[in-house]
Amino acid sequence: MLKKRSSGVLGADRDVLLNLDPSAEPWTSDSYGSLQNGGFLAAQYLNDDDDDDDPIFIQCETRGRCPVDPTGNYFRDGKTKTDFVLVWEVKNHSRKKRKPRSRSQDVDEDDAEDLDSKRASHGRWRDKYVRNLQSSGLLLEKEETVSEKKTIHYLKVSAPWEVLIYYAEELCLRAPLQEQPNPDLNSSARFLQTLCIPNMMAEFVPNKPVNYYTCAFRKSKVSKFLGCEDHDGYFTNTQRHRIVYEILARTVYGKRKRAQIGIERLLNEGAYSAAFPLHEGLYELPGYEVAPEELNSRQVLYQFWARWSKWYKYQPLDHIRQYFGEKIAIYFAWLGFYTAWLLPAAVVGTIVFISGIVTMGTNTPAKEICSSEGRYLMCPLCDTCSAWNISDICSMTKLGYLFDHPGTVLFSVFMSFWAVTFLEYWKRKNATLAHHWDCMDFQENEERPRPEFVAMAPGMEQNPVTGAMEPYFPEKTRQSRILTGSMVIIFMLCIVMIFLVTVIMYRGIISMMMYHTGSSVLRTQAGNIANISSSMVNLALILLMGQVYTALAEQLTKWEMHRTQTQYEDAFTFKVFIFQFVNFYSSPFYVAFFKGRFVGYPGHYGTLLGMRNEDCGPGGCLIELAEQLFIIMVGKQIINNIQEFVIPKMKAWKQKRKIAKVRGTQISQESKRWEEDYELIECEGLFEEYLEMVLQFGFITIFVAAFPLAPLFALLNNWVEIRLDAQKFVCEYRRPVAERTQDIGVWFNILEALSHLSVIINAFLIAFTSDFLPRLLYQYKHDSNLHGYVNFSLAYAPSGSMDSNSSQCRYKAFRDESGNYTLFYWELLAVRLGFIIAFEHVVFFMLRVIDWIVPDVPESLALKMKRERYLAKQALADNQDALLMVSRGSASSEASDSSSLS
């Protein structure tokens, strides 16, 4: 053994775990984690005292090295699986003769000393952390990539059988009892098979995971589980990763009383650069022909899922779950399910839009406007403008019919039912998947405090559940911080409103410029030009504000000091969604419900900051709303897809370039698996993916009455989104730690709230923004063919309100010559309010009926769950063998009695 080194030598060699010497005296340990099966024996694991920061270096004999592929996912012995890799980088300092420093260098020297002190602390933490990892039974092996300036250390971690079975019971992992057929979860495949229609979406994916009846693992009953004799292959790779990560998260690296625990806090402190499980090989196919069954799991996912040519194929959800875990698999299952349900919505929306084109010629009011010539002289659009003829807006009136006809009303009703039915059937699909993936009864264990919370908490308190002393933050202080954060949110929302007013004024200025050009074309198209250009400006402001606020919300949520990661994520999600909801939907809300409502009438126009309030354009507010929705929704989708395609590749290129500089002359050698994975970028999680889809869901449900093509554009985007996300996870991200979950979490509650909000918004949109009810009431009271509706809907300007040249001008309103509302206006208001009440009550009643008819858990699944519980009870019964003997004995006695009687 090597003796304990002096502090000076230790400081220089802090980052070298040990130097191997096969001729040295072997070191033995009673623990099963002595790591003697690796090519490297990790040292400094003898002392676990919290106050001892100095490691003890141990040298040991290694076993004979097997001729294995060094780039694989094993230790050098070729047998021990690498479950996790810890990475840290150390700069190599060359010792040079120190020159006298000047006063101007004092500050830099002080900073350098602080940096050296920080590096020394990191080294001590790593030493103790590795020592404690071995004490917990993990097997370790170290690799290095060395250059003149920097050394990258890779610590490979593996969990032996005894560790796996201990933590499998503690983490309530599911273990197999009996193999069963893997169910076909694609309802569309079964439907097409029933109709004998070829299914182009189906595809054979090799190496499909086996399905089992399972129950919670119990160490004392390990012999009763299926396949327990295979210690190497009993636990899946994702289960092994989860177990090892749990150990890494619990292991102490410093002072326990300071809560210096876990790999996450070490990463935050900078002691480690990265910690990740390894991918299972390359995703590209080798240069020679390989049978599909011989592909590794990553190659299967790339060949049958992540490639663009598979855009129309079913997703191999079982393979995704096996490789990435339930949390990521549930996201892709939801995204695929949502995309499939968009197909009927897109078809119906396209039919509604086409029907508007086909019936455009039957629009009587548009015909009257186009044939009016100079019959209707309209009031000036600004104080310095001249009067104009209504026939100038003939083309825009025809175009407005595409977004405001009876079909769009029916489509909004259809989409209200679609949204709630989609969510009800997703609950059934989610329950089926949760049971199939053994996470239906999953309950998160008592969560550990977040690393940032631990580092910043001012005091300690006993955990009422575990009894351990944990960092504590006063609840009153947290509530005051949350209140302060709410004020910041309100302030940011006010900034959004200021930007909205700025866009409105920009639109008014552009319109004024168009009015004064003297061109009749520009004058009639001024509203459209101003609306389209302002929508583009608004989109840029929305994306900019979204980036700024997301960063601000992250800092606010950290400042609020939430104890657990779940509490932190829920608070962050709430902040970001509330802001993004107002950020994206404020402008459409203004156009739908406020624009054109406070215009006034000639002589009594309403003003904002000295400018006349905006009125709806020639085609009505719905066509302007459709333009805004198209630019904001589709523009956001295009920009997001470009970012998701370009940014990960740029980050990966930067990371590869950094590592290539370190490898230097070694670049000609074949890179190892851990080096290739370190070149990838860190997984950024699913928050941005869910947020993008939820905002899209709002666009296709809340304002669908004005934009029937929204589901079609959403469908096209999601086909691209699935493959982009698949490529990121398979090709560009480091493999994330597999996490268990049974649903999509708080996002389902947000979707449910949006679906109910869409019913209310569409009711108001049809009642107050569309011309559907005014035309319907006119048909009922005056003319069923809408003859004379244009003249009826135009009022005369009050006498004396305009100059002599415009004294007989008209404007769109139900007012008399004195500017007062007519009886028809009040009748129409009553009809509008009645329609809103009837629409909401009928739709919500039908939604409750759908909720009652469609059970959350399918009947077949409920029966299957009972069967599984029965098998688990029988398999793990302590007296099972005794029961079998009793049953056999009773059977033999009955047989002997019957033979004697005969």
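As the structure is a computational prediction, the values presented were derived from the model and not from experiment. (Residues numbered from 1 in each chain as written. Predicted model: local features only at pLDDT ≥ 70, side-chain atom pairs only at ≥ 80, totals over all residues. Heavy atoms only, no water.)

### Some words on empty space enclosed by the protein
Any space left empty among the atoms is revealed by the rolling of a water-sized probe across them.
Part 1: Tallying each qualifying case throughout the model produces 8 cavities of 30 Å³ or more.
Part 2: When its volume is computed, the largest cavity comes out at roughly 70 Å³.
Part 3: Val-496, Phe-499, Leu-500, Asn-538, Leu-541, Ile-542, Met-545, Asn-583 and Ser-586 together form the lining of the largest cavity.
Part 4: Looking at the lining of the largest cavity, the elements that each hand over two or more residues are helix H14 (475-515), helix H16 (526-559) and helix H17 (565-593).
Part 5: Take the lining of the largest cavity: its biggest share by element is 4 residues, from H16.
Part 6: When grouped by side-chain class, the residues that make up the lining of the largest cavity number 6 nonpolar, 3 polar and no charged.
Part 7: Estimated volume of the second largest cavity: approximately 50 Å³.
Part 8: What lines the second largest cavity is Met-633, Lys-636, Gln-637, Glu-692, Met-693, Leu-695, Gln-696, Phe-699 and Asn-717.
Part 9: Residue assignment for the lining of the second largest cavity shows that the elements contributing at least two residues are helix H18 (621-663) and helix H20 (687-702).
Part 10: Considering only residue class, the lining of the second largest cavity consists of 4 nonpolar, 3 polar and 2 charged. (1 Å grid on protein atoms, 1.4 Å probe; cavity = no way out; pocket = protein on both sides within 12 Å on 5 of 7 lines; lining within 4 Å. Points joined across faces, edges and corners; volume = space filled by probe spheres on them. Helix = DSSP H or I, 4+ residues; strand = E, 2+ residues; numbered from the N terminus. Nonpolar A, V, L, I, M, F, W, Y, C, P; charged D, E, K, R; others polar.)

### Observations regarding the packing of H17 against H20
Part 1: With their axes 11 Å apart at the nearest point, H17 and H20 run at an angle of 40° to one another. One way to sum up the angle between H17 and H20 is to call them oblique. The two elements H17 and H20 meet at a crossing, and its hand is right-handed. Counting all contacts with H17, which are made through Phe-572, Thr-573, Val-576, Phe-577, Gln-580, Phe-581, Phe-584 and Tyr-585, the residues of H20 involved are Phe-687, Leu-691, Val-694, Leu-695, Gly-698, Phe-699 and Ile-702. (Axes fitted to C-alpha atoms, helices over the stretch in contact; angles between N-to-C directions. Parallel < 35°, antiparallel > 145°, perpendicular 65-115°, else oblique. Left-handed = near helix turned anticlockwise from the far one by under 90°. Contact = heavy atoms within 4.5 Å.)

### Quick look at the state of the cysteines
Part 1: According to the stated counting rule, one finds 2 disulfides in the structure shown.
Part 2: Put simply, Cys-370 and Cys-394 are joined by a disulfide, and their sulfur atoms are 1.8 Å apart. The disulfide joining Cys-370 to Cys-394 has a torsion of about 90° about its S-S bond and is therefore right-handed. Residue Cys-370 is found in helix H10 (residues 364-370), and its partner Cys-394 is found in helix H11 (residues 394-400); the two are separated by 24 residues along the sequence.
Part 3: For Cys-394, a relative accessible area of 17% puts it in the buried group.
Part 4: The disulfide bridge from Cys-379 ends at Cys-809, spanning 2.0 Å between sulfur atoms. (Disulfide = S-S within 2.5 Å. Buried < 20%, exposed > 50% of the residue type's maximum accessible area, 1.4 Å probe, protein only.)

### Some points on the sheet that holds strand E6 (residues 274-276)
Part 1: Strand order in the open sheet formed by 4 strands is E2-E3-E1-E6, with antiparallel pairing between adjacent strands. Each end of this open sheet is capped by a strand with a single partner; those strands are strand E2 (139-146) and E6. Across this sheet, the average inter-strand angle for adjacent strands is 20°, counted without regard to direction.
Part 2: In the sheet, E2 pairs with strand E3 (residues 150-158) via 8 bridges, with the strands oriented antiparallel. Within E3, the residue paired with Leu-140 across the bridge is Val-157.
Part 3: On the sheet, helix H5 (residues 237-250) packs against strand E1 (84-91) and E3 and is oriented at approximately 50° with respect to E1. (Pairing = 2+ DSSP bridges.)

### With respect to a nonpolar patch on the surface
Part 1: Among the surface-exposed residues, Ile-638, Ile-642, Phe-645, Val-646 and Met-650 lie close enough to one another that they form a single nonpolar patch of about 460 Å² accessible area.
Part 2: Secondary-structure assignment places Ile-638 in helix H18. (Patch = residues over 30% accessible without salt bridge, like charges linked within 9 Å, V, L, I, M, F, W, Y side chains within 5 Å. Areas by Shrake-Rupley, 256 points an atom, 1.4 Å probe, with all protein chains shown as cover. Salt bridge = Lys/Arg side-chain N within 4 Å of Asp/Glu carboxyl O.)

### A closer look at the confidence of the model for the protein
Part 1: For the protein, per-residue confidence averages 79 on the pLDDT scale, and 81% of positions sit at 70 or higher.
Part 2: Considering only residues more than four positions removed or in separate chains, one finds that residues 879-902, a stretch of pLDDT under 50, has 4 contacts. (pLDDT = per-residue confidence, 0-100.)

### Overview of H17
Side chains of residues three or four places apart in an α-helix project in the same direction, reflecting 3.6 residues per turn.
Part 1: Between its first and last C-alpha atoms H17 spans 39 Å; for 29 residues at 1.5 Å apiece the expected length is 42 Å, and the two agree.
Part 2: Along H17, the largest kink reaches about 45° and is centred on Tyr-585; proline Pro-588 follows within four residues of it.
Part 3: By the criterion of burial, H17 is predominantly enclosed, with 21 of the 29 residues buried. (Expected span 1.5 Å × (residues − 1). Bend = angle between axes of the 7 residues up to and from the residue.)

### Remarks on the environment of Glu-293
Part 1: Looking at where Glu-293 falls in the secondary structure, it is placed in the loop between E6 and helix H7 (297-306).
Part 2: Residue Glu-293 is classed as partly exposed on the basis of its relative accessible area, which comes to 47%.
Part 3: In contact with Glu-293, not counting residues within four places along its chain, are Phe-204, Pro-206 and Asn-207.

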